[in-house]
Each structure stands twice: as structure tokens, then as C-alpha cells.
Amino acid sequence: DSLSIEWIRPKPLKWVDTDGIEHNYFPDFYLPVFNLYLDPKNPQAFKVQRNKIEILDKTYDNIIWLTSLDECQNFGPIVKGI
């Protein structure tokens, strides 16, 4: 909000685990102007969810994982080169 970037709560994204089971994933933010999902994760959650994150990265090319307070505070669309 402080960066005046338009965002919404996104609908769930579908993903399939290594056993072939389909799941819903709920990113925290969607930036419609940039077609970009943002999902802040603390380092421990990122580590624990690494397999799911790797699958999501292969399935969707428009998710950015923010893993530190600094990344969250300094986020800007330039992160994706937009």
C-alpha cells in the first residue's frame, strides 16, 4: 500500500504434487497491473515448503517469493524487470 501498487487477494492456483495429487495454493497478493503474484514467507516456512515452491516455480512463471523483511519493504516491480 505504501508503494501505491494495486493489489488484490488472488484466487487459488492449482498445482500437482509429485504423487499426482492436485492442490490449491493461496498466494498472499496478486498485482493485476503486472500479472504478478507475491508471497512473503519467513525463511523457515520457505525451507519447509521447498518442494511445493519448486513445483509452483515450474508451473507458474509469475510468482515472487519474498523471504525477508528487507525484500518486503523494498519490493518494487523492477524485481521482475518490468
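As the structure is a prediction and not an experimental result, all values here were calculated from the model. (Residues numbered from 1 in each chain as written. Predicted model: local features only at pLDDT ≥ 70, side-chain atom pairs only at ≥ 80, totals over all residues. Heavy atoms only, no water.)

Draft legend 1. Region of interest: the nonpolar core. By size, the foremost hydrophobic cluster in this structure holds ten residues: Leu13, Trp15, Tyr25, Tyr30, Tyr37, Ile53, Ile55, Leu56, Ile63 and Trp65. Looking at this core, the elements that each hand over two or more residues are β1 (13-16), α2 (50-59) and β5 (63-66). Per element, the largest residue contribution to this core is three residues, and it comes from α2. With near-sequence residues (within four places) excluded, tyrosine 30 lies in contact with Glu6, Trp7, Ile8, Pro10, Asn35, Leu36 and Tyr37. Core analysis: the next-biggest nonpolar cluster, separate from the first, contains six residues, Leu31, Leu36, Leu38 and Ile64 among them. (Core = buried A, V, L, I, M, F, W, Y, C linked by side-chain atoms within 4.5 Å. Buried < 20%, exposed > 50% of the residue type's maximum accessible area, 1.4 Å probe, protein only. Helix = DSSP H or I, 4+ residues; strand = E, 2+ residues; numbered from the N terminus. Contact = heavy atoms within 4.5 Å.)

Draft legend 2. Quick look at the sheet that holds strand β3 (residues 29-31). Sheet architecture is open: three strands sit in the order β3-β4-β5, paired in mixed fashion. Here the strands that pair on one side only, and so sit at the sheet edges, are β3 and β5. Within the sheet, the average angular offset between the axes of one strand and its neighbour, ignoring direction, is 25°. In this structure, β3 lies alongside strand β4 (residues 36-40), joined through three bridges in antiparallel fashion. Looking at the pairing, leucine 31 lines up with leucine 36 of β4. (Pairing = 2+ DSSP bridges. Axes fitted to C-alpha atoms, helices over the stretch in contact; angles between N-to-C directions.)

Draft legend 3. Representation of the packing of aromatic side chains. This structure, assessed with the given rule, holds three aromatic pairs. On the basis of an interplanar angle of 85° and a centroid distance of 4.9 Å, the ring pair of tryptophan 7 and phenylalanine 29 is categorised as edge-to-face. Within this pair, whereas tryptophan 7 is found in the segment before β1, its partner phenylalanine 29 is found in strand β3, the two being separated by 22 residues in sequence. With a relative accessible area of 28%, tryptophan 7 lands in the partly exposed category. Look at tyrosine 30 and tyrosine 37: their rings are 4.7 Å apart centre to centre, the planes differ by 45°, and that puts the pair in the tilted class. (Phe/Tyr/Trp six-rings, centres within 6.5 Å; stacked < 30°, edge-to-face > 60°.)

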